[in-house]
Amino acid sequence: MTKKILQEYAGAFRWGRIKECYKGNNWWFFLYSVTFLPIMLVGNFSRSPENFGAYFLLMLPVLYHLFVLPLQPVGLPKIMYLCPMTEEERKNYLKRTLEVKIGISLLIELAAAAVLVSLRRYSSFLLLLAFVLSIMIILATAMQERTVGSTGTLTTAREWWETGTLIVFMLEFWVLISRILWIETGGSVVSAAEKIGYTAVLFAVDLPLLLMVMSFWREQLKLRADYETAAGRETVKNSRKG
Amino acid sequence: MLKLTDISKRLGAFHLEQISFELPPGYILGLIGLNGAGKTTLLHLILGLYRPDAGSLSIEGKTYDTDRKEILEMIGTVLAEDLFDGYDTLLHNARQYGKYYQNYDEPLLCQYLSRFSLHPDKKFRELSKGEKLKFQFAFALAHHPKLLVLDEPTGNFDPEFRSEFFSILKEFIADGTNSVILASHLTEDLDRIADYIVYLEKGKLLLAEDIETMRQQYRLLVGETYKLKLLPEESIIYMEETAYGTRALIRHRRRNVYDRELTVTVPSIEEIMYFMTKRGKGRKR
């Protein structure tokens, strides 16, 4: 099953498919407004190109994830609902798809963090924090594919709420990581009190949202395993067709 | 083979109401109706894509609630939309989805591909609409189904392949264990091949009969209006006056004797469908 999902994942990176997928939605504008614009702002106070590079490297997996999101929907093509599978088997297939697709983005994030660790210029606290926050953004972003990723419009209160969640995570990333970079590149160290403060923010903001994301996916996997509810929610995209 | 009892399904403003019919093994059922009549909704229910709001549906005595996998194993499907991955080759597509079927038979698939002049290494998106349907048909046959569900495929086939398509369907049902449901706008095709007709109109079942009974039950009468008006009112399904004369579809009984000046013919499915649709829009007498 994993092999097939990986083949599908790789198969999505075909120029024709990419063009087809992004045509007609304003995903690029969304991508620009939630990522590139803040990166430019951070760049203004990152003190040096190296720091800006570090920030960019930490953001890269998130950018990658945002880019592939509309291309890699967690859904089943119609033919899979016609194949002899039980609903439980379809749910497991979707679950594995989600794990693989998020897992690849997380592995890229891990690789980016490993590069920065090898440079030994930044504290392990900064890298750990950046890693955790990136995971949160990737998880929150994974919720967007049926809203912004599919049509580029937000219509229901729930869609606004899901997009709002992503923006909260992005803001958290920009503010906390920029702040620590600013301190560390100024030759100071982040105080213990500040570290406790950041950790508290993680628990207060990220933990409830993480639970929300998990509950979102639990419900979605159930809905998407059934053709009627999946088709109603437009989770099955036509991007896989010729 | 297939039994539907009082199946109902509401989808937004559309309502498929209390559909009941049976299809025994070894027969071909033609599903007809105008656009929006509910043919695709009914096929989606038969394919287990939709769950009925009420009523029951069984295939070979099995229901989707308990034997979903076994039922889908028995069904081969050709739908009007592109089901396969456009960027993959035909053979790879078939392997990709064929592995879910216990009886997937790749040599048989290759035989059909060659019979339909399709190259297994060609990408699905490079095929024409008719070729895509031929590939779906080959894949549907390649896992040895017992029931073929075909949604309007013939309109996209060239005349030569259409006749081959019908001969394959006849081969498929020849041993008396398999059945076919063929939804089509092209009623002349169904006249040639169908054993049963199910006619839907605006979500309602207007007719579910075997074709021989239909041929015995209906007559198309053409002649002078006043002579047609002499017929018993309850036997007239619909009467239409045109510039060239008056035509009426009537319920025929074996003992019926008609005026010699009336032309009496056995109506085609298309004529039955036409008059029944007209009746639905209001009796004209």
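Predicted model, so just to flag it, every value in this text is computed and none were measured.

Engineer: Give me the packing of aromatic side chains: which residues, what numbers.
Structural biologist: Using the criterion set out here, one finds 22 aromatic pairs over all chains in the structure. Ring geometry for Y227(A) versus Y50(B): centroids 6.2 Å apart, planes at 35°, classification tilted. Of this pair, Y227(A) sits in helix α11 (residues 227-232) while Y50(B) sits in the loop between α1 (39-46) and β4 (54-59), placing the two residues on different chains. The same class applies to Y227(A) as to Y50(B), namely buried. Measuring from centroid to centroid gives 5.0 Å for F116(B) and F161(B), while their planes differ by 85°, and the two rings are edge-to-face. With a gap of 45 residues between them, F116(B) in the loop between α4 (106-115) and α5 (129-142) and F161(B) in helix α6 (residues 159-173) connect regions that are remote in the sequence. Owing to a relative accessible area of 2%, F116(B) belongs among the buried residues under this scheme. The structure contains a cluster of three or more aromatic residues connected by ring pairs, namely F84(B), Y97(B), Y101(B), Y104(B), F124(B), F135(B) and F139(B). In this structure, K134(B) packs its charged tip against the face of F161(B), placed 4.6 Å from the ring centre.

Engineer: Provide a residue-level description of the interface of chain A and chain B, including the pertinent values.
Structural biologist: With 28 residues of chain A at the interface, the matching set in chain B holds 28 residues. Buried surface at the junction of chain A and chain B, summed over both partners, amounts to about 2600 Å²; 55% is from carbon and sulfur atoms. Ranking the residues of chain A by area buried against chain B places I79(A), L82(A) and P84(A) at the top, with a combined share of 26%. The interface formed by chain A and chain B contains five salt bridges. Note that E228(A) and K9(B) form a salt bridge whose closest N and O atoms lie 2.3 Å from each other. The tally of links between chain A and chain B comes to seven residue pairs in polar contact (both at pLDDT 80 or more). Looking at the side of chain A that touches chain B, the elements that each hand over two or more residues are α1 (2-11), α2 (15-22), α5 (78-82), α6 (87-119) and α11 of chain A. Taken together, the residues of the side of chain A that touches chain B break down into 10 nonpolar, five polar and 13 charged.

Engineer: Pulling in residues and values, what's your account of the sheet that holds strand β11 (residues 236-242) of chain B?
Structural biologist: All names here are of chain B. What the four strands build is an open sheet, ordered β11-β12-β10-β13; its pairing is antiparallel. Pairing within the sheet leaves two strands with one partner each, and these edge strands are β11 and β13 (263-265). Averaged over neighbouring strand pairs, the angle between their axes works out to 15° when direction is ignored.

Engineer: Explain the confidence of the model for chain B residue by residue, including any values.
Structural biologist: Looking at chain B as a whole, its pLDDT mean stands at 89, while 98% of the residues score no less than 70. For chain B, per-element mean pLDDT is lowest for helix α10 (residues 269-280) of chain B, which scores 82, and highest for strand β5 (residues 75-78) of chain B, which scores 95.

Engineer: Lay out the environment of F116(B) in plain terms, naming residues and giving numbers.
Structural biologist: On a C-alpha basis, the gap between F116(B) and K134(B) in space is 6.9 Å, while along the polypeptide they are 18 residues apart. Leave out the neighbours within four places in its chain, and F116(B) touches K134(B), F137(B), A138(B), F161(B) and I168(B).

Engineer: Which residues make up the pattern of salt bridges, and what are the values?
Structural biologist: Counting across every chain of the model gives 22 salt bridges over all chains. For E60(B), the salt bridge identified is with K146(B), shortest N-O distance 4.0 Å. Placement of E60(B) in the loop between β4 and α2 (64-74) and of K146(B) in the loop between α5 and β6 (147-151) is noted, with a sequence separation of 86 residues between them. The salt bridge involving D191(B) is made with R215(B); its shortest N-O contact spans 3.6 Å. Placement of the pair is D191(B) in helix α7 (residues 187-193) and R215(B) in helix α8 (residues 211-217), with a sequence separation of 24 residues. Through salt bridges that share partners, E87(A), D226(A) and R51(B) make up one connected network.

Engineer: Tell me about helix α10 (residues 192-224) of chain A, and name the residues and values.
Structural biologist: Residue and element names in this part refer to chain A. Taking 1.5 Å of rise per residue, the 33 residues of α10 would be expected to cover 48 Å, and the 45 Å separating its terminal C-alpha atoms lies within 8% of that figure. Its maximal kink placed at D206, α10 deviates by approximately 35°, while the proline P208 follows within four residues. Burial in α10 covers these residues: Y198, L202, D206, L209, M212, V213, F216, W217, Q220, L221, L223 and R224.

Engineer: Any details on the packing of α6(A) against α10(A)? Residues and values, ideally.
Structural biologist: The description of two helices packed together rests on the angle between their axes and the distance between the axes. Residue and element names in this part refer to chain A. For the pair α6 and α10, interaxial distance at closest approach is 8 Å and the crossing angle is 130°. One finds that α6 runs oblique with respect to α10. Here the hand of the crossing between α6 and α10 comes out right-handed. Along the contact surface, α6 presents K91, L94, K95 and L98, while α10 presents W217, L221, K222 and R224. Taken together, the residues of the contact of α6 with α10 sort by class into four nonpolar, no polar and four charged.

Cut-off values and rules
- Residues numbered from 1 in each chain as written.
- Chains lettered and ligands numbered in written order.
- Predicted model: local features only at pLDDT ≥ 70, side-chain atom pairs only at ≥ 80, totals over all residues.
- Heavy atoms only, no water.
- Phe/Tyr/Trp six-rings, centres within 6.5 Å; stacked < 30°, edge-to-face > 60°.
- Helix = DSSP H or I, 4+ residues; strand = E, 2+ residues; numbered from the N terminus.
- Buried < 20%, exposed > 50% of the residue type's maximum accessible area, 1.4 Å probe, protein only.
- Lys NZ or Arg CZ within 6 Å of the ring centre and 35° of its normal.
- Contact = heavy atoms within 4.5 Å.
- Buried area = accessible area lost by both parts, 1.4 Å probe.
- Salt bridge = Lys/Arg side-chain N within 4 Å of Asp/Glu carboxyl O.
- Polar contact = N/O pair within 3.5 Å; in protein donor to acceptor, adjacent residues only side chain to side chain.
- Nonpolar A, V, L, I, M, F, W, Y, C, P; charged D, E, K, R; others polar.
- Pairing = 2+ DSSP bridges.
- Axes fitted to C-alpha atoms, helices over the stretch in contact; angles between N-to-C directions.
- pLDDT = per-residue confidence, 0-100.
- Expected span 1.5 Å × (residues − 1).
- Bend = angle between axes of the 7 residues up to and from the residue.
- Parallel < 35°, antiparallel > 145°, perpendicular 65-115°, else oblique.
- Left-handed = near helix turned anticlockwise from the far one by under 90°.

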